Each structure stands twice: as structure tokens, then as C-alpha cells.
Amino acid sequence: MKGKRICITGTDRGVGLALTKLYLERGDTVFAGGIVQGNEAIAELRDRYPGRLHDFYVDIGDDRSVKEAAAFVGSRTDRLDLLLNNAAILGDTTKTIRDDIDFDEVQRNYNITAVGAIRMTNALLEPVMNGGKLIANVSSEAGSIAQSYRDAWFGYCMAKAALNMGSTIVHNGIRKEGGRVMLFHPGWVKSMMSGTFTSEATYTPEESAANIVRRIDERGHEIHELPLYLEADTGRTVPW
């Protein structure tokens, strides 16, 4: 396989798709996990980069689906230079503590946005540690307790905060063997996560993806006591 071997989740559209394109353009081999069957954008990339894009279905909120996805990756490689956990959902952003909150929706968000990355890491830890020993998780400033200002967004904010903690526990478990975890706030990205296109956002998916890759290139080799938690655009540390 050419270049590095990289596994990315949430590759159906947005930042995940942009990351997939960018790594393929660089000459790497990408294992791209998504939930959209027959994704035309992925099919086009598969044709453009024969033998270097291995796409697969994965629902990161489901144990069995993640195990099947890991088996697919494991059948094609025994090492990964990078696991990039990008998949997440936004969920409701309007309900405050005074409203009728859909707690099933909050739990679904937590299961996918927080636990999903830990599921993928658990299932693919062996090839990661056989390879680059690097995990990058896309978090958000919304998960920073120090910067918290919202009075809603329960599911997303709590899930991203939990992802940060889960990433720290993973980092603690692999650091002595040279393993590293990085966390990224990707910036406010033009996307369909809210159900409508956020054209007023700051960055295109391609710009955000380029920033993430730049920070991984710059600092992915560093081992720290805690995971590196960075703003993808500036490279500054995000307060926990």
C-alpha cells in the first residue's frame, strides 16, 4: 500500500469527506467509514484512486457494526498510521433546562458522539499500536467546560466533554508505549449537521480538514501528559 494507512470515520460528507480526499491526494491509503450506502462522492474517489480507498459501512453507535468494520480493516492491513475519529451528530441545540428535553435524543448523541470514538479505538487499537500509534479525535470548543457559555445543546456539549475525558483515558493507557491522542476543535464549519446548510460559518470542510492535517503533521509525533487539544486553525491549545 502506498503512503500512510489512515482510517477515518464520518466520511459521507463534510470534514470527513474532505479529510479522505486530502489524504488520498497526498498519496496515502484511506479506510473510509460512513453510513451512506452507494455514496457517489466516495465512489468517484474509489475510481480516481484505485487500490488506495477502502470504503466500508460503519454505525459507530452500534457495537456489532464497529466490530464488523474493524474486521474489514483488519482483513486488508495489520497496521494503521492514524485513526481519525471524526463521526458525530449535532442533535437538538434549542432546548434549555426549562424546556421539555428529549432525553432519548441526548443519550443517542452521547452514544454516537462520545462513545463511538472509543468503540472505534477499542476495535482498532491493535493495528494502531502496530503502526503510527496515533489517534486523532474531532472534538469541539463546545466540549470545553472552561469555555462553556451555552444554555442549551445538552447532547452535543455533554458528548464532546465526555469524548475529551474518554480520549484522556485512552491516552493514559497507551502513552507509555509511545501512543498519542490528539483532540481538535475544527472551527465553525459550513455543514449540514444542523439539518440545514450553515453558509454563515467560518470555514469550508476543505479548509477545516487542511487545518487538522497541518496540526497532525506539525505535532502528531509529540508525547504529552495529556492529549493535545488544539484549535485546528490557530494551533492554540483549547482550555479543558
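Cut-offs applied
- Residues numbered from 1 in each chain as written.
- Predicted model: local features only at pLDDT ≥ 70, side-chain atom pairs only at ≥ 80, totals over all residues.
- Heavy atoms only, no water.
- Helix = DSSP H or I, 4+ residues; strand = E, 2+ residues; numbered from the N terminus.
- Expected span 1.5 Å × (residues − 1).
- Buried < 20%, exposed > 50% of the residue type's maximum accessible area, 1.4 Å probe, protein only.
- Contact = heavy atoms within 4.5 Å.
- Axes fitted to C-alpha atoms, helices over the stretch in contact; angles between N-to-C directions.
- Parallel < 35°, antiparallel > 145°, perpendicular 65-115°, else oblique.
- Nonpolar A, V, L, I, M, F, W, Y, C, P; charged D, E, K, R; others polar.
- Core = buried A, V, L, I, M, F, W, Y, C linked by side-chain atoms within 4.5 Å.
- Patch = residues over 30% accessible without salt bridge, like charges linked within 9 Å, V, L, I, M, F, W, Y side chains within 5 Å.
- Areas by Shrake-Rupley, 256 points an atom, 1.4 Å probe, with all protein chains shown as cover.
- Salt bridge = Lys/Arg side-chain N within 4 Å of Asp/Glu carboxyl O.
- Pairing = 2+ DSSP bridges.

S.K.: Any chance you could explain helix α6 (residues 205-219) here in plain terms?
M.R.: Taking 1.5 Å of rise per residue, 15 residues should cover 21 Å, and α6 covers 21 Å from first to last C-alpha, within 8% of that figure. All buried positions along α6 are accounted for by P205, S208, A209, N211, I212, V213, R215 and I216. On its buried side, α6 packs onto α1 (14-25), β4 (82-85), β5 (134-138), β6 (180-185) and β7 (228-231).

S.K.: Sorry, what's going on with the packing of α1 against helix α2 (residues 40-48) here?
M.R.: For any two helices packed against each other, one specifies the inter-axial angle together with the distance between the axes. The geometry of α1 relative to α2 is characterised by a closest axis approach of 11 Å and an angle of 5° between their N-to-C directions. Considering their axes alone, α1 and α2 lie roughly parallel with respect to each other. Each of L17, T20, K21 and L24 in α1 lies in contact with α2, whose residues at this interface are A41, I42 and L45. In terms of residue class, the contact of α1 with α2 is made up of 5 nonpolar, 1 polar and 1 charged.

S.K.: Is there a simple way to explain the nonpolar core in this structure?
M.R.: A general tendency of soluble globular proteins is for nonpolar side chains to be buried together. In this structure, L19, Y23, L82, L84, F184, I212 and I216 are the most contacted members of the largest nonpolar core, which totals 29 residues. A total of 6 residues in this core trace back to one element, the largest contributor, which is α1. Residues V58, L83, A87 and V170 belong to the second largest nonpolar core, which totals 22 residues.

S.K.: Looking at this structure, how should I read unusual backbone geometry?
M.R.: Trans is the common state for peptide bonds, and a negative phi is the common state for residues other than glycine. Backbone geometry at K133 places phi at a positive 60°, although glycine is not the residue there. Examined against the element boundaries, K133 turns out to sit in the loop between α4 (103-130) and β5. Judged by relative accessible area, which is 27%, K133 ranks as partly exposed. The phi dihedral of W153 falls on the positive side, at around 60°, and the residue is not glycine. Tracing the chain through its elements places W153 in the loop between β5 and α5 (154-174).

S.K.: Is there a simple way to think about a nonpolar patch on the surface in this case?
M.R.: A contiguous nonpolar patch, built from I35, V36 and Y57 and spanning about 280 Å² of accessible area, is present on the exposed surface. Summarising the element assignment, Y57 is placed in strand β3 (residues 53-57).

S.K.: I tried to follow the pairing of β6 on my own but got confused; where do I start?
M.R.: Remember that side chains alternate between the two faces of the sheet whenever the strand is regular. Of all 6 residues that make up β6, 6 are buried, and the element is covered over most of its length. Neither face of β6 is left uncovered, since the one carrying R180, M182 and F184 and the one carrying V181, L183 and H185 both have all their residues buried. In this structure, β5 lies alongside β6, joined through 5 bridges in parallel fashion. For L134, the partnering residue across the bridge sits in β6 and is R180. Pairing geometry for β6 and β7, over 4 bridges, is parallel. Paired with L183 across the bridge in β7 is Y229.

S.K.: What am I meant to see in the sheet that holds β3 here?
M.R.: Each strand in a sheet pairs with another by means of backbone hydrogen bonds, the pair being arranged parallel or else antiparallel. Here we have 7 strands laid out as an open sheet, ordered β3-β2-β1-β4-β5-β6-β7, and parallel in their pairing. Two strands close off the open sheet at either side, each with one partner strand: β3 and β7. Each strand axis lies, on average, 15° off the axis of its neighbour in the sheet, ignoring direction. Helix-sheet contacts for α5 involve β5, β6 and β7, and the interaxial angle to β6 is about 160°. Its contacts with the sheet put α6 on β4, β5, β6 and β7, and the angle it makes with β6 is roughly 150°.

S.K.: I tried to follow α1 on my own but got confused; where do I start?
M.R.: Along an α-helix, a turn takes 3.6 residues, which lines up residues three or four apart on a common side. Taking 1.5 Å of rise per residue, the 12 residues of α1 would be expected to cover 16 Å, and the 17 Å separating its terminal C-alpha atoms lies within 8% of that figure. Among the residues making up α1, those that are buried are V15, G16, L17, A18, L19, T20, Y23 and L24. Contacts from the buried residues of α1 go to β1 (5-9), β2 (29-34), α2, β3, β4 and α6. Just beyond α1, the residue with positive phi is G27, at close to 100°.

The values are spatial; any link to function lies outside them.
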